[in-house]
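As a plain string of letters, each chain reads:
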Amino acid sequence: MAQPNQALHWIAWPLHVAQGDGQGNGDSDGERSACAQQAWWALRWTPRVALWYGAGQVVALMEVGSVERLWGGRQAMLLGLLRALREQQPEDGQAGGPRMPFWARGATAWQALARLRWRMQGTDSRQPWPPADALPIWTLPALEPHAPALERMGCRRWGELRALPRAGLARRIGLPALLALDQAYGSSPHALDWLELPEHFALRADLGYPASDAQALLQAARPLLRALQAWLQARHQGVLGLQLRWHHDLRRVDGTELPAWEALDIRTARPAQALEHMERLLRERLAHTPWRAPADMLELVALDTAPFAADAGSCLPPAAPGPAPLGEAEGATDAASGMAWHEWVERVSARRGAQGVRVAQLQSDHRPEAMQRWTPACEALQTPRAPRRPAHARKAANPWQGLLPPWLLDPPQPLLLQGSRPCWQGPLQLLAGPYRLEAGWWGEPQADAALAVRDYFVASNAAVGHVWIYRERTPASERLPGMPALLSPAAWFAQGIYG
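This structure is a prediction, so every number in the text was calculated from the model and none was measured.

(A) Geometry of the overall build of the protein. Each helix and strand counted, the protein has 12 helices and 19 strands in total. Taking all 499 residues of the protein together, 41% fall into the buried category. Nonlocal contacts in the protein, meaning residues at least 24 apart in sequence, comprise 62% of its contacts between residues at least 6 apart. Surface exposure of the protein reaches about 28300 Å², of which carbon and sulfur atoms provide 53%.

(B) Inspection of the nonpolar core at higher detail. In terms of nonpolar packing, the biggest core is built from 59 residues, with Trp13, Trp41, Phe201, Leu228, Leu244 and Leu298 touching the most fellow members. Of the residues forming this core, the biggest block, 12 residues, is contributed by helix 8 (residues 214–235). Those residues in contact with Phe201 that lie beyond four places of it in its chain are Trp40, Leu224, Ala227, Leu228, Trp231, Leu300, Val301 and Ala302. Grouped together as the second largest cluster of nonpolar side chains are 32 residues, Ala112, Ala132, Ala147 and Ala180 included.

(C) Representation of unusual backbone geometry in the model. Of note, the amide linkage connecting Asp410 to Pro411 takes the cis form, showing an omega dihedral of 0°. Its location among the elements puts Pro411 in strand 13 (residues 407–414). Not every positive phi belongs to a glycine, and His236 is a case in point at roughly 55°. Tracing the backbone through its elements, the reader meets His236 in the loop between helix 8 and strand 6 (237–248). Residue class for His236 comes out exposed when judged on its relative accessible area of 57%. A positive phi angle, near 55°, is found at Gln425, a position not held by glycine. Positionally, Gln425 belongs in the loop between strand 15 (421–423) and strand 16 (429–439). For Gln425, a relative accessible area of 61% puts it in the exposed group.

(D) Representation of the sheet that holds strand 10 (residues 295–307) in the model. Read across the open sheet, the four strands follow the order 5-10-6-9; overall the sheet is antiparallel. The sheet is open, and its two edges are formed by strand 5 (202–211) and strand 9 (261–272), each paired on a single side. For this sheet, the mean inter-axis angle between neighbouring strands, taken without regard to orientation, is 20°. Pairing of strand 5 with strand 10 involves six bridges; the strand directions are antiparallel.

(E) Just the pairing of strand 3 (residues 57–63), in detail. For strand 3, the tally of buried residues reaches six of seven residues, placing the bulk of the element in the interior. The pairing of strand 1 (residues 10–14) with strand 3 spans five bridges and is classified as antiparallel. Across the sheet, residue Trp13 finds its bridge partner in strand 3, namely Ala60.

(F) Molecular detail of the packing of helix 6 (residues 166–173) against helix 7 (residues 175–185). It is the contact of helix 6 with helix 7, at a shortest axis distance of 7 Å, that shows an interaxial angle of 120°. Considering the angle they form, helix 6 stands oblique to helix 7. Here Arg166, Leu169, Ala170 and Ile173 of helix 6 lie close against helix 7, whose contacting residues are Leu175, Ala177, Leu178 and Asp182.

(G) Local environment of the packing of aromatic side chains. Across all of its chains, the model carries 11 aromatic pairs by this definition. When the centroid spacing of 5.4 Å and the interplanar angle of 20° are considered together, the rings of Tyr470 and Phe493 count as stacked. Of this pair, Tyr470 sits in strand 18 (residues 465–472) while Phe493 sits in strand 19 (residues 492–497), and the two are 23 residues apart along the sequence. Note on Tyr470: relative accessible area 4%, which makes it buried.

(H) Main features of helix 7. Among the 11 residues that make up helix 7, eight are buried, leaving the element largely enclosed by the rest of the structure. Inspection of helix 7 places Ala177, Leu178, Ala180, Leu181, Asp182, Gln183, Ala184 and Tyr185 among the buried residues, and these make up the whole buried set. For helix 7, the secondary structure elements touched by its buried residues are helix 3 (109–120), helix 5 (158–162) and helix 6. Just past helix 7, the residue Gly186 takes up positive phi, approximately 85°.

(I) Summary view of the sheet that holds strand 18. A sheet is described by the order of its strands in space; here five strands give the open sequence 13-19-18-17-16, paired in antiparallel fashion. The strands lining the two open edges of the sheet, one partner per strand, are strand 13 and strand 16. Ignoring strand direction, the axes of neighbouring strands in this sheet form an average angle of 25°. Here strand 16 runs beside strand 17 (residues 452–461); their pairing, made up of eight bridges, is antiparallel.

(J) Representation of the side chain of Glu68 in the model. Relative to the helices and strands, Glu68 is located in the loop between strand 3 and helix 2 (74–88). In this view, Glu68 contacts His9, Gly73, Arg74 and Met77; residues no more than four positions away in its chain are not counted.

(K) Just the pattern of salt bridges, in detail. Counting across every chain of the model gives 11 salt bridges. Residue Glu63 pairs with Arg48 through a salt bridge whose shortest N-O separation is 3.6 Å. Separated by 15 residues along the polypeptide, Glu63 in strand 3 and Arg48 in the loop between helix 1 (29–38) and strand 2 (49–54) bring together distant segments of the chain. Here Glu299 makes a salt bridge to Arg204, at a shortest N to O gap of 3.3 Å. Within this pair, whereas Glu299 is found in strand 10, its partner Arg204 is found in strand 5, the two being separated by 95 residues in sequence. A relative accessible area of 46% places Arg204 in the partly exposed class. Through salt bridges that share partners, Arg204, Arg245 and Glu299 make up one connected network.

(L) Summary view of helix 9 (residues 276–287). A rise of 1.5 Å per residue sets the reference length of helix 9, with its 12 residues, at 16 Å; its end C-alpha atoms lie 17 Å apart and thus fit the reference within 8%. For helix 9, the complete set of buried residues consists of His277, Met278, Glu279, Leu281, Leu282, Glu284 and Leu286.

How each quantity is defined
- Residues numbered from 1 in each chain as written.
- Predicted model: local features only at pLDDT ≥ 70, side-chain atom pairs only at ≥ 80, totals over all residues.
- Heavy atoms only, no water.
- Helix = DSSP H or I, 4+ residues; strand = E, 2+ residues; numbered from the N terminus.
- Buried < 20%, exposed > 50% of the residue type's maximum accessible area, 1.4 Å probe, protein only.
- Contact = heavy atoms within 4.5 Å.
- Areas by Shrake-Rupley, 256 points an atom, 1.4 Å probe, with all protein chains shown as cover.
- Core = buried A, V, L, I, M, F, W, Y, C linked by side-chain atoms within 4.5 Å.
- Pairing = 2+ DSSP bridges.
- Axes fitted to C-alpha atoms, helices over the stretch in contact; angles between N-to-C directions.
- Parallel < 35°, antiparallel > 145°, perpendicular 65-115°, else oblique.
- Phe/Tyr/Trp six-rings, centres within 6.5 Å; stacked < 30°, edge-to-face > 60°.
- Salt bridge = Lys/Arg side-chain N within 4 Å of Asp/Glu carboxyl O.
- Expected span 1.5 Å × (residues − 1).

Written out as structure tokens, the structure reads:
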């Protein structure tokens with residue numbers, strides 16, 4: 001018979017699902033869904049993952065031979081998988097022996113499964129795996145019902161069964177059992193239903209106990225966060241927003257009707273796969289969320305995802321930790337602290353409120369007082385920035401852009417007149433202007449920055465230095481016949497300071 005493809009290499013490991021009766025055999029739809037969620041992490045290593053249900057067991061089968069080279073070879077991949085297996089399932093604790101998780105490998109899926117069942121029967125984990133011909137009959141699921149009859153015939157191993165005449169054996173145990181034996185040796189193809197991830201992540205968990213405070217709710221949400229992380233890594237996605245919902249155990253508290261579900265939305269500025277930052281945001285937000293009744297059920301939903309690309313590594317050594325630059329918060333931009341700017345902003349905003357951290361945002365407006373507005377920093381991080389025009393294009397569009405002052409007075413200060421010259425601690429000399437501006441006619445009359453009809457000048461004197469002033473004019477629509485454009489006497493204002 002043909003030998004199995006040596007490039008193929010399979011790993012089998014059992015799934016453990018907490019059930020009230022301790023069976024966890026995946027008979028119900030809920031148990032099958034829970035088993036599939038436990039196997040999501042395996043899709044990080046290989047896209048070929050299948051689940052086998054039977055005999056009170058749920059086993060994940062992974063074909064890793066085709067991806068070994070991507071992980072640095074078979075030995076490196078097995079070491080990484082073993083570390084992950086120790087985190088995913090209980091250990092086989094035998095007195096005096098090494099504590100190792102149950103797992104097995106083989107040239108075919110049925111060989112890996114048979115070796116796993118052989119080891120889980122109580123075999124010493126330090127004993128080497130037997131070859132295919134030496135495996136017991138009962139380790140192959142298709143042959144297990146026929147094991148008593150075959151033992152009476154003297155067949156206790158796979159190799160002994162293959163040595164019998166095939167025609168007579170087919171009449172006794174049937175062709176499906178022989179086909180499974182051929183698949184176990186790799187001489188017949190073995191079709192499996194590969195594990196697939198859902199298009200959208202929405203996972204619900206019944207707690208089994210009432211979570212009566214935010215800390216208990218966060219503790220119960222951590223398995224859901226781990227499942228979300230596995231889903232994101234397998235789909236090469238990063239999460240931008242998620243929602244945690246909890247179901248109230250009670251319907252009425254102190255005579256007040258309670259909603260069946262309450263929800264908390266968390267958003268971040270950059271796609272993330274490592275969810276430590278999202279867990280911190282959940283902790284901060286839950287600490288400030290009014291707790292009205294215990295929760296008995298949780299649901300985690302990924303609201304928004306985006307393709308994830310890991311940051312490129314640097315060839316330079318890490319910078320030595322030092323004091324934060326003047327005017328910057330501790331840990332806000334220090335690379336040695338490991339916290340990105342958007343993480344710092346979102347964490348402080350979750351703790352102090354959205355208005356606790358604000359940034360200036362540019363606006364498309366010609367009025368100096370309306371060129372920017374202060375918005376919550378967490379909202380500004382999630383707003384896509386418009387592409388900036390080149391400097392020469394901005395200068396050509398507005399030659400006065402370079403004369404705008406760095407400091408604005410809020411509100412503008414009225415100036416006195418000496419004759420027809422504006423005064424600010426003495427008469428001002430007009431150096432440049434006028435720059436005529438008519439803007440804001442589209443705004444509301446009661447708005448802070450409404451209609452502006454002004455002539456701007458750069459002025460100076462020895463006392464105040466260079467300043468940015470303007471002269472108000474009456475709009476043409478409000479001017480009476482024969483009325484001059486300039487108002488009097490408080491038509492001049494100082495709005496900006498240079499220096």
